[in-house]
Amino acid sequence: MLVFNYHSWQLLNPHTFRNLLKACISERNLLAGKALHALFFKSHNNNNDNITTYLSNHFTILYSKCGTLRNARTAFDLTEHPNVFSYNAIINAYAKHSLLHIARQLFDQIPQPDLVSYNTLISAYAERGDCEQALGLLRVVREKCLAIDGFTLSGVIDACCGRGVGLIRQLHCFVVMGGFDSYASVNNAILTSYSKEGFLGEAKRVFHEMGVGGRDEVSWNSMIVACGQHREGSDALALFCEMVMMGLEVDMFTMASVLTAFTSLKDLAGGMQFHAKMIKSGFHRNTHVGSGLIDLYSKCAGGMLECRKVFEEITAPDLVLWNTMISGYSQNEDLSEDALCCFRKMQRVGFRPDDCSFVCVVSACSNLPPSVGNQVHALTIKSDILYNRVSVNNALVAMYSKCGNLQDARKIFDTMPGHNTVSLNSMIAGYAQHGLEAESLWLFELMLQKDIAPNNITFISVLSACAHTGKVEEGQKYFNMMKEKFGFEPEAEHYSCMIDLLGRAGKLKEAERIIETMPFNPGSIEWAALLGACKKHGNVDLAVKAASEFVRIEPYSAVPYVVLSNMYASAGRWEEAATLKKLMRERGVKKTPGCSWIEIDKKVHVFVAEDTSHPMINKIHEYMGEMLKKLKQAGYVPDIRWALMKDEEAVTAEEKERKLLYHSEKLAVAFGLICTEEGVPILVVKNLRICGDCHNAIKIISAISGREITVRDTHRFHCFKEGQCSCRDYW
DNA sequence: GTAGGGTTAG
């Protein structure tokens, strides 16, 4: 510990002064450093000897290390002969403050940059995900015959992560050929990159090949995180135990990594126990651990209450911690507005949002009225350093397409500075959700041509595009391609897509067979897909099986009860329908009330079925009455099978027709048509799936009114135009 | 004077 007495410093000789400054740097003691700096001006500044040059350069290093950029810059500007050390320090300081353009300017001024200068800049580009620049610098380093080291390679590998596994494989080769595979840091970077590209097997291989002696703590932590992120939580926990048994040092990074394992297992109880243990050791106040905890509770506890408690315990929240909170809010659909509040609050307390903050807040906008997304988009443009980040653009593409605005999604996709796997995934998914399977598959083929590696998520979108349009053969082809050509082991989601694809196409037997033979225990999603297919094709027997399996897994979901009782009712099996309704009441299962909303002039108007609360409801009813006449003239026949919700026998056909007319999506559409100018497209969002009668009616409404009407339901988009729907009635 | 491990988009 550095102990000082200002008065005695006046007598220091230059060498002692230098040693003191060194100590300040290694201890990051800003206070003592500043005092030394003041003294330096009084006594040494005028000399022009080596030690003065040394000292003045080291003040830049001191301030850079202590994170005070302004002081670092002042010290740097006051240094008459800046050496490469202080250049490197100040470049690093700017890079860490996301001011890469200034870092680059300074780099270009260095008379003779050394390897550390290059490494620093490469890391800065890696931080930004700019793989081209990082590779360019690597080339320069090699041309200059500077001997590459582990810093160079781990930086380059980090920068190239996210550009497909092919590039990582090439770099891995380069690492092995150059003999850099003895560097733990380089192997760690390779390991993490493989994992992030979706290749856990390769990551594990790297880890094993490192051997116990070749690993450091980072290797263990990286492997634990990799397993956690690939939902192999129990492997992650086993690694942690192994680490503890071996007496390796366990730090906050390890704790955070273990938390990702609990999160992946959705093991809230285990995570909470671990939390309790960490409270005893005080780890829970650490930001790394905190973000792990917040992630755990936001994903597993069904709300943000616990997260807020964790957040409040943290002594000095950092940017990642704030981002994790924003992310938590944005993943809880009904808390999207809170995500925005959190984003604003973070800025109020002085944090500058980074790409991750924007990605999270933009994704929250997918669940909010479109105008909010537009505003946040404007914000990303204003904060220009982020504008060019691929990740933010990807999030914007996803947001616009989820908000039903495929045109703007495409515009961003076409103008963004570069594409990676996620960019293509977002756009492909956008087209898939809108039922534009041809565009979706065309983009996928383009992706392959351009050598942008698909990942497991790409195939989810591709398969769902096939499912949404009934392309059974294509779906089968892509499912096989994913295994055989790309070596991806299909995950539960891929199997669900196949169940959906086959089931909807009427191949119920094949769909059921997939459930029986897939290498996972089928979850509610798989059974729901089969149930939906049974409903479409009227197979009550199989529906009973699917529904009961669903209920076993998710006892409080109303979905299986409602679907099955509607099926009974449709088949005229009233008693069974009633029994099911009774059972539902007895078990306390509540149906989610259907509601639809529309944004007009930045105000959201929500409608529930047979709504009478809206101030303009009379006008809406009047409009619907008129519309009904026109609809009937155009050949609309109300499909009263969709009005079977309660007391079926008691209601007359006329009453059923009236009920249908006042479904929430029809009310919202009518309101939209009343409130907007001729020709303006309208967007309605529904919290459940669109009803079949509404689907039919809105098709005709779109023709009568000459409007483009988009309805987003929980499953996909229906874009009605000139009497047709983009789903081509396949839903 | 410089890396690799916690959060994110599909």
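These figures come from a predicted structure and were not determined experimentally. (Residues numbered from 1 in each chain as written. Chains lettered and ligands numbered in written order. Predicted model: local features only at pLDDT ≥ 70, side-chain atom pairs only at ≥ 80, totals over all residues. Heavy atoms only, no water.)

Student: Sorry if this is basic, but what is going on with the overall build of chain A here?
Tutor: Along its length, chain A carries 40 helices and 6 strands. Its C-alpha atoms give chain A principal-axis dimensions of roughly 105 × 55 × 50 Å. The buried share among the 731 residues of chain A stands at 51%. For chain A, restricting intrachain contacts to residue pairs at least 6 apart in sequence, the fraction spanning at least 24 positions comes to 62%. For chain A, the exposed surface amounts to about 34600 Å²; the carbon and sulfur share of it is 53%. Taken as two groups, the 77 positive and 80 negative side-chain charges of chain A have centres that lie 2 Å from each other. (Helix = DSSP H or I, 4+ residues; strand = E, 2+ residues; numbered from the N terminus. Buried < 20%, exposed > 50% of the residue type's maximum accessible area, 1.4 Å probe, protein only. Contact = heavy atoms within 4.5 Å. Areas by Shrake-Rupley, 256 points an atom, 1.4 Å probe, with all protein chains shown as cover. Lys, Arg positive; Asp, Glu negative; His and termini not counted. Charge placed at Lys NZ, Arg CZ, Asp CG, Glu CD.)

Student: Would you explain the pattern of salt bridges in this entry?
Tutor: When the charged atoms of two side chains lie near each other, side chains of opposite charge can form a pair. In this structure the tally under the stated criterion is 29 salt bridges. Among the ionic pairs, D295 bridges to K299, the shortest N-O distance being 3.0 Å. One end of the pair is D295 and the other is K299, both in helix α18 (residues 287-300) and 4 residues apart, which spans about a single turn. Across the pair K632 and E657 runs a salt bridge whose closest N-O atoms are separated by 3.1 Å. Linking K632 in helix α37 (residues 617-633) with E657 in helix α38 (residues 653-661), this pair joins segments that are 25 residues apart in sequence. (Salt bridge = Lys/Arg side-chain N within 4 Å of Asp/Glu carboxyl O.)

Student: When you look at the packing of helix α4 (residues 50-66) against helix α6 (residues 84-96) in this model, what are you seeing that I'm missing?
Tutor: Describing two packed helices takes the angle between their axes plus the distance from one axis to the other. For the pair α4 and α6, the least separation of the axes is 8 Å and the interaxial angle reads 25°. As far as their axial angle goes, α6 and α4 are roughly parallel. Every pair of crossing elements has a handedness; the one defined by α4 and α6 is left-handed. Taking contact as the criterion, the partners of N57, T60, I61 and S64 in α4 are, on α6, F85, S86, A89, I90 and A93. (Axes fitted to C-alpha atoms, helices over the stretch in contact; angles between N-to-C directions. Parallel < 35°, antiparallel > 145°, perpendicular 65-115°, else oblique. Left-handed = near helix turned anticlockwise from the far one by under 90°.)

Student: Would you explain the packing of helix α29 (residues 456-469) against helix α31 (residues 492-504) in this entry?
Tutor: It is the contact of α29 with α31, at a shortest axis distance of 9 Å, that shows an interaxial angle of 10°. Our classification of the angle between α29 and α31 gives roughly parallel. For the pair α29 and α31, contact is made by N456, F459, I460, L463, S464, C466, A467 and H468 and by E493, H494, C497, M498, D500, L501 and R504, respectively. Per-class residue counts for the contact of α29 with α31 are 8 nonpolar, 4 polar and 3 charged. (Nonpolar A, V, L, I, M, F, W, Y, C, P; charged D, E, K, R; others polar.)

Student: For this particular structure, what's the right way to read the UniProt feature "repeat: PPR" (unreviewed entry) in chain A?
Tutor: Mapped onto this numbering, the UniProt entry annotates "repeat: PPR" (unreviewed entry) at residues 83-113, 114-148, 216-250, 318-353, 420-454, 455-485 and 557-591. Secondary structure across residues 318-353 divides into 72% helix and 0% strand, with the first and last C-alpha atoms of the span separated by 11 Å. Within residues 557-591, the helical portion is 71% and the strand portion 0%, while the C-alpha atoms at the span's ends are 8 Å from each other. (UniProt positions renumbered as here; feature names shortened; annotations may be inferred.)

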